[in-house]
Amino acid sequence: MRLLRIHKEGKSAVIKVGIGLVVINAIFLVLLSSYPIFIAMMLILSLVLYGMTLNFYRHPNRAYKGDLHGLVNSPTDGRVVAIEKVFEKEFFHDERIQVSIFMSFFNAHSNWIPVTGKIIHLSHVDGNFHAAYLPKSSHENEHTNILIETPDHGTILTKQIAGAVARRVVTYVKEGDEVHIGAPLGFIKLGSRMDVFLPPDSEILVELGEEVHANVTFLARLAKQSK
């Protein structure tokens, strides 16, 4: 049986939640010892909360073999909340296809590299903390911008976006790194989202509302760029 892997960002949190729930249950056991039904209900609720915490911080054991040039990996688990053509005015200054994935509390929040290539830009932008499923969160919320230049299929922009509750975005890579599809990218605590901006001639392989899984689902197929 494969052991549950906990993300390094969440090991201390999982321990703290576990200790807190044990203390709370011990207090209820003393105060409500004559009401076994309430003790049982509290124990069940604690197990559910601890299970949700483990799920949130789990680190799925998934990996691609090879570089899979021309394919775009889903950078996180979640639900596709936007597929639309937008004018990207900060980096590309032209039309792109934006695919946005919302992570709820029930999704693992590990983030992964969407394409093989080189990171040519990385920046952190302070901002608001709107609900991550709202369109304006893409440019108004606190986020990181990660530009990845592929060998033959153009440049991809990926954004890690903090949500209304998530206030910490962790990024493991740095500018100048050579990265491979499916490698660890970072982590966002609590409800949040990731946006991927693709060349306009990309073939989209997912649908609005679809549940996607990092290192399992391909978001798009990229057209080879002429040099």
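Refer to the structure printed above.
Keep in mind it's a predicted model, so treat the numbers as computed, not measured.

Visitor: How would you sum up the overall build of the protein chain? Please name residues and give values.
Guide: A count of helices and strands for the protein chain gives three helices and 14 strands. Looking at the protein chain as a whole, 45% of its 227 residues qualify as buried. Taking all contacts inside the protein chain whose residues are at least 6 apart in sequence as the whole, residues at least 24 apart take part in 72%. Accessible surface, the protein chain: about 11,600 Å² in total, of which carbon and sulfur atoms supply 61%.

Visitor: I'd like to hear about the nonpolar core, residue by residue, with values.
Guide: Formed by 26 residues in total, the largest nonpolar core has its most connected members in V72, I148, L198 and L219. When contributions to this core are tallied by element, the ones reaching two or more residues are β3 (94-103), β6 (143-149), β7 (155-162), β10 (184-188), β11 (192-198) and β14 (218-221). Counting residues per element, this core draws most heavily on β3, which supplies four residues. Setting aside chain neighbours within four positions, we find V72 in contact with P114, V115, V196, L198, T217, F218, L219, A220 and L222. Counting residues in each nonpolar core, the second largest holds five residues, with V86, L147, L157 and F197 among its members.

Visitor: Which residues make up the side chain of S202, and what values go with them?
Guide: Relative to the assigned elements, S202 resides in the loop between β11 and β12 (203-204). On the basis of relative accessible area, S202 is assigned to the buried category, the value being 10%. From its side chain, S202 meets the backbone oxygen of P199 in a polar contact 2.8 Å long. If we ignore the near neighbours within four places in the chain, the residues touching S202 are I97, R221 and L222.

Visitor: Lay out the sheet that holds β14 in plain terms, naming residues and giving numbers.
Guide: Hydrogen bonds between backbone atoms are what pair the strands of a sheet, whose relative direction is either parallel or antiparallel. Taken in spatial order, the three strands make up an open sheet running β1-β14-β12, and their pairing is antiparallel. Across the chains shown, the open sheet's two edge strands, defined by having one partner strand only, are β1 (71-73) and β12. Bridging between β12 and β14 involves two bridges; their strand directions are antiparallel. Following the sheet pairing, I204 is matched in β14 by A220.

Visitor: Lay out the pairing of β14 with the relevant residues and their values.
Guide: Of the pairings in the sheet, the one linking β1 to β14 comprises three bridges and is antiparallel in character. Among the inter-strand pairings, N73 is bridged to a residue of β14, identified as F218.

Visitor: If you had to explain the sheet that holds strand β4 (residues 110-112) to someone new, which residues and values would you point to?
Guide: The strand order across the open sheet built from three strands is β4-β10-β8, with neighbouring strands paired in antiparallel fashion. Across the chains shown, the open sheet's two edge strands, defined by having one partner strand only, are β4 and β8 (169-171). Mean inter-strand twist for the sheet, computed between neighbouring axes without regard to direction, equals 25°. Bridge count for β4 against β10 is three bridges, and the pairing is antiparallel. Considered in β10, the bridge of N111 is made with G186.

Visitor: Account for the pattern of salt bridges, with residues named and values stated.
Guide: A full pass over the atoms with the stated rule returns four salt bridges. The salt bridge involving D177 is made with K174; its shortest N-O contact spans 3.2 Å. Given the relative accessible area of 19%, D177 is considered buried. As a salt-bridge pair, R193 and D195 come within 3.0 Å of each other at their nearest N and O atoms. In terms of burial, R193 and D195 fall into one category: buried.

Visitor: Account for the packing of aromatic side chains, naming residues and giving values.
Guide: One pass over the full model with this rule turns up zero aromatic pairs. Taking NZ or CZ as reference, R96 lies 3.8 Å from the ring centre of F92, over its face.

Quick notes on the rules
- Residues numbered from 1 in each chain as written.
- Predicted model: local features only at pLDDT ≥ 70, side-chain atom pairs only at ≥ 80, totals over all residues.
- Heavy atoms only, no water.
- Helix = DSSP H or I, 4+ residues; strand = E, 2+ residues; numbered from the N terminus.
- Buried < 20%, exposed > 50% of the residue type's maximum accessible area, 1.4 Å probe, protein only.
- Contact = heavy atoms within 4.5 Å.
- Areas by Shrake-Rupley, 256 points an atom, 1.4 Å probe, with all protein chains shown as cover.
- Core = buried A, V, L, I, M, F, W, Y, C linked by side-chain atoms within 4.5 Å.
- Polar contact = N/O pair within 3.5 Å; in protein donor to acceptor, adjacent residues only side chain to side chain.
- Pairing = 2+ DSSP bridges.
- Axes fitted to C-alpha atoms, helices over the stretch in contact; angles between N-to-C directions.
- Salt bridge = Lys/Arg side-chain N within 4 Å of Asp/Glu carboxyl O.
- Phe/Tyr/Trp six-rings, centres within 6.5 Å; stacked < 30°, edge-to-face > 60°.
- Lys NZ or Arg CZ within 6 Å of the ring centre and 35° of its normal.

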